Structure formats: structure tokens, C-alpha cells
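Remarks on the overall topology
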Amino acid sequence: MSNILQFIKNWTLPFSMGIGAVVYLVFYYVPALEGASQWFAPLFNSILPLFMFLILYVTFCKVDFKKLAPVKWHFWTTACQLLLVMSIVGAILFFHISGKQLILLESILACIISPCAAAAAVVTLKLGGNLEQMTTYTFLSNLLCALLIPVCFPLIEPASQMTFWGAFSLIMQKVCLVLVVPMLLALLTKSLPLLHRFHQWLIHIPDLSFYLWGCSLMIVTGTTLKNIFHAGTSVLFLLLIGFSGLVLCLLQYGVGRYIGRFFGTSIESGQGLGQKNTAFAIWIATTYLHPLSTVGPGCYILWQNIINSIEIWKKGKYNA
């Protein structure tokens, strides 16, 4: 029994994705459940931000805010992200790419330009990495994203009529709601003597933020399948986008871990460059790019969580 529980713990993320996929497929293929699916859809859309808020709140309660500061690997991973973004945008402009090729590159760009996922700090903590360094990079990555998108997207999608300050303020508003508010509440929880016992109880619940992330992943997986099933294009093109996402995911994790070897931070920099806020990527693709480009970030969710699961399994096997 203990072996089964350990197996589930090591592969929580694939189990979560599997459950989310099965539930969505049941609702999709059983016509009698159509009314229920329409009722649950807005409910799940409301629950997901709550999950993300709780995940970050619990994680930030464990952060030593005095240790939040940029370190060397932050600059190298940022430079790498900038290089990748410039390469994709440059290729689109130089070769005047359009049609399906443009959609493919836009889906890749959405996965590159999007910020580091909030859950990267959760996985980093699970793998024994530095939580403070990861938290700092998450904020830096979101700021970089807010600067890059208003500059790059009007170049490849002139019809979007995006203004720099309009897009920047909208993205920063989302960043504040997702990152700053839970951080301030966590700081308040840590600081107030009245909440000391609650704080200690909260941070000593094993892997609470990780399992909250697993629950949110069920909803994200269902949403991803919905986007794929309603993509309105050929299966071959969807497979091409999915395979491109896999190659990109392996590239970003690999380059991130390579950078980290020079600073003893392969876990942190691998997560920083590789794990993306795919929900945000889907939002920017829907808002500013071709709707089909959302399939890329949707598939990226699958690949990055398979990689995370393998790393967690290897960590558990090493500690055993």
C-alpha cells in the first residue's frame, strides 16, 4: 500500500492531467451531460484563479522575503529568453511568413515570451531548490513579459491595433492580481503575531501547494482539450504544433539547466526558463494572436508537467 501511495505522490501531475482529460472526454462524448457541462464551465473558470491564488499564498508563506534579490543566473536565462523571442520575431518579419506557418510560429512564440509559471516555485521547492531565487525570478520574468509583448506583437500582428501602454497596463494588472496580492497577504500572515499559529500550521502541511497545483492542473487539462477539440483545423497540423511544443519544451529546460550548472542552480534555472505560465500564454494568444496559436501553449502544459514528474520521480528515487 505504501508503494502505491509513493507512486501516486511521484506521479501526481500525470494523474491530475489524466483525470482532467477523462472527465472532459466523458462530458464531450455523452450528449446527456451537455447541460451539466454548460453549468460547470463557468464554475471551473471561477475556481481556477482561486486555486492559483491559494497556491501562491501558501508558497509565499514559506519565503524569506529578506533573501529576495536578483542573482547571476537570472540575467543569463533572461538573455536566453530575449534571444529566442528575437529569433522568432525576426524570422517572421525577414521571411514575410504568413498562413499556417505564421500560426505555428505564433504558437511557439507564445510559449517563449510568456513568463515563468507561478507553479515553478512549487516544483522547485519540491525538488529541493532555492525558493527565494525562484520567487524573485518569477517577478522579473513577468515584468519582462509585460515589456516584450507590447513591442513584439504589433510587429507580427499589425491588425491587433495594440498600444504599448494599453497592453503593458493590462498585463501588469493581471500580474498584480496573481502575484502581488498573495505575496502581500503572505507577508501579513508572517508578520502579525495574531496569525503566528495559523502560519506555522499552514507551512507544516506537507506539499500543500503542490497538491493544490495538481487540482488546478485537472481544470487546465480539461480547458486545453476543449481548445484542441474546437481548433477547427487538421489533425496533422495539430500534431505539428504539439510536436513543436515538445521540442521547444525540451530545449528550454535543457538550456536552463545548462546555464544553472555554472552557478550550482540547475533546478532553479531549468524551472525558470522551462516552466511557463501556459494559462497566461493561452490568454495572450487568444487576445493578440491567431486563435489557433492557443494550441501550442495547451500542448506545452502536457510536456512541461511530464518533465516535472520525471524530475520529481528521480528526486524521490534518489532520496529513497
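What you are looking at is a predicted structure, and each value in this text was computed from that prediction instead of being measured.

Comments concerning the overall build of the protein chain
- The helix and strand tally for the protein chain stands at 14 helices and zero strands.
- Element order for the protein chain, N to C, with α for helix and β for strand: α-α-α-α-α-α-α-α-α-α-α-α-α-α.
- Against the 2.2 N^0.38 benchmark of 20 Å for 320 residues, the protein chain shows a C-alpha radius of gyration of 20 Å, consistent with a compact globule.
- Seen through its C-alpha atoms, the protein chain measures out along the principal axes to roughly 60 × 50 × 40 Å.
- Burial statistics for the protein chain: of 320 residues in total, 47% are counted as buried.
- Within the protein chain, contacts between residues at least 6 apart in sequence are counted, and of these 82% link residues at least 24 apart.
- A total accessible area of about 15900 Å² is found for the protein chain, and carbon and sulfur atoms account for 72% of it.
- Between the centroid of the 17 positive side chains of the protein chain and the centroid of its 8 negative side chains there is a distance of 9 Å.

Thoughts on empty space enclosed by the protein
- Applying the stated criterion across every chain yields a total of one cavity of 30 Å³ or more.
- Approximately 30 Å³ is the volume attributed to the largest cavity.
- Along the walls of the largest cavity sit Ser107, Ile108, Cys111, Ile241, Ser244, Gly245, Leu248 and Gly296, which together make up its complete lining.
- For the lining of the largest cavity, the secondary structure elements donating two or more residues are helix H5 (99-113) and helix H11 (235-261).
- For the lining of the largest cavity, the element with the most residues is H11, which contributes four residues.

Regarding the pattern of salt bridges
- Scanning all chains against the criterion turns up two salt bridges.
- Note that glutamate 311 and arginine 257 form a salt bridge whose closest N and O atoms lie 3.0 Å from each other. Pair noted here: glutamate 311 is in helix H14 (residues 295-319) and arginine 257 is in helix H11, with a separation of 54 residues, a long-range link.

As for the layout of surface pockets
- In this structure, the largest pocket occupies an estimated 920 Å³ of space.
- Residue lining of the largest pocket: 33 residues in total, with Leu48, Met52, Asn277, Ala279 and Phe280 positioned closest to the centre.
- Breaking the lining of the largest pocket down by element, the ones donating at least two residues are helix H3 (34-60), helix H7 (131-156), helix H8 (164-191), helix H10 (208-229), helix H13 (278-288) and H14.
- Taken as a whole, the second largest pocket encloses approximately 620 Å³ of empty space.
- Lining the second largest pocket we find 22 residues, and of these Tyr24, Ser37, Ala41, Phe44 and Gly222 sit closest to its centre.
- Counting residues per element, the ones that place at least two in the lining of the second largest pocket are helix H2 (12-29), H3 and H10.
- The greatest single-element share of the lining of the second largest pocket, amounting to eight residues, is contributed by H3.
- Tallied by class, residues from the lining of the second largest pocket come to 12 nonpolar, eight polar and two charged.

Focus on H3
- Taking 1.5 Å of rise per residue, the 27 residues of H3 would be expected to cover 39 Å, and the 39 Å separating its terminal C-alpha atoms lies within 8% of that figure.
- At phenylalanine 40, H3 shows its largest kink, close to 25°, and the proline proline 42 lies no more than four residues downstream.
- Restricting attention to buried positions, one finds in H3 the residues Leu48, Phe51, Met52, Ile55, Leu56, Tyr57, Val58, Thr59 and Phe60.
- Residues of H3 that are buried in the fold lie against helix H6 (119-126), H7, H8, helix H9 (196-203) and H10.

Overview of the side chain of serine 141
- Relative to the assigned elements, serine 141 resides in helix H7.
- Setting aside anything within four residues of it in sequence, one finds serine 141 in contact with Gln81, Pro115 and Cys116.

Overview of the UniProt feature "transmembrane region" (unreviewed entry) in the protein chain
- Mapped onto this numbering, the UniProt entry annotates "transmembrane region" (unreviewed entry) at residues 12-30, 42-61, 73-97, 103-125, 137-156, 162-189, 201-222 and 228-251.
- The distance separating the terminal C-alpha atoms of residues 73-97 is 34 Å; by composition the span is 88% helix and 0% strand.

With respect to a nonpolar patch on the surface
- A contiguous nonpolar patch, built from Leu177, Val178, Val181, Leu185, Leu188, Leu192 and Leu194 and spanning about 630 Å² of accessible area, is present on the exposed surface.
- Take leucine 192: it is sitting in the loop between H8 and H9.

Observations concerning the environment of leucine 236
- Tracing the sequence through the fold places leucine 236 in helix H11.
- Taking the C-alpha atoms as reference, leucine 236 lies 35 Å from leucine 212; in sequence the two are 24 residues apart.

What about unusual backbone geometry?
- Of note, histidine 96 is a non-glycine position whose phi angle comes to about 50°, a positive value.
- One can find histidine 96 in the loop between helix H4 (72-94) and H5.
- Its relative accessible area of 66% is what places histidine 96 among the exposed residues.
- Phi at aspartate 207 is positive, roughly 55°, even though this residue is not glycine.
- Here aspartate 207 shows up in the loop between H9 and H10.

What about the nonpolar core?
- Residues Phe60, Val85, Leu109, Ile113, Ile149 and Phe153 are the most contacted members of the largest nonpolar core, which totals 84 residues.
- Per-element accounting of this core gives the leading share, 11 residues, to H7.

The rules behind the values
- The residue numbering used here restarts from 1 in each chain and proceeds along that chain's sequence as written.
- Two thresholds apply to this predicted model, a pLDDT of at least 70 for residue-level local features and 80 or more for giving and counting side-chain atom pairs, whereas whole-chain, interface and lining totals are computed over all residues.
- With hydrogens and water stripped out, all remaining heavy atoms of the structure feed into the side-chain values.
- Secondary structure elements follow DSSP: runs of H or I no shorter than four residues count as helices, runs of E no shorter than two count as strands, and numbering proceeds from the N terminus.
- Only C-alpha atoms enter the radius of gyration; for comparison, a globular chain is expected to reach 2.2 Å times N to the power 0.38, where N is the number of residues.
- Working definition: with a 1.4 Å probe on protein chains only, accessible area under 20% of the residue-type maximum means buried, over 50% means exposed, and in between means partly exposed.
- Should any heavy atoms of two residues lie within 4.5 Å, those residues are considered in contact.
- Every accessible area reported is derived by Shrake-Rupley at a probe size of 1.4 Å, with residue values counting cover from the shown protein chains alone.
- Positive charges come from Lys and Arg alone, negative charges from Asp and Glu alone, with His and the N- and C-terminal ends not counted.
- For the purpose of locating charges, the reference atoms are NZ of Lys, CZ of Arg, CG of Asp and CD of Glu.
- Space inside and on the surface of the protein is sampled on a 1 Å grid over the protein atoms alone, with a cavity defined as a set of points where a 1.4 Å probe fits but cannot get out and a pocket as an open set with protein on both sides within 12 Å along at least 5 of 7 lines; lining residues have an atom within 4 Å of a point.
- Grid points are joined across faces, edges and corners, and a volume is the space filled by probe spheres set on the points.
- One side-chain nitrogen of Lys or Arg within 4 Å of one carboxyl oxygen of Asp or Glu is enough to make a salt bridge.
- By the convention adopted, Pro, Cys, Tyr, Trp, Phe, Met, Ile, Leu, Val and Ala count as nonpolar, Lys, Arg, Asp and Glu as charged, and the other residues, Gly among them, as polar.
- Expected span of a helix, by definition, is 1.5 Å for each gap between consecutive residues, and there is one gap fewer than residues.
- Fitting one axis to the seven residues ending at a residue and another to the seven starting there, the bend at that residue is the angle between the two axes.
- UniProt positions are given in the numbering used here, feature names are shortened, and annotations may be inferred rather than shown by experiment.
- Two distance rules govern patches: like charges are joined within 9 Å, and nonpolar side chains (Val, Leu, Ile, Met, Phe, Trp, Tyr) within 5 Å, applied only to residues with over 30% relative accessible area and no salt bridge.
- Buried Ala, Val, Leu, Ile, Met, Phe, Trp, Tyr and Cys residues form a nonpolar core when they are joined through side-chain atoms within 4.5 Å.

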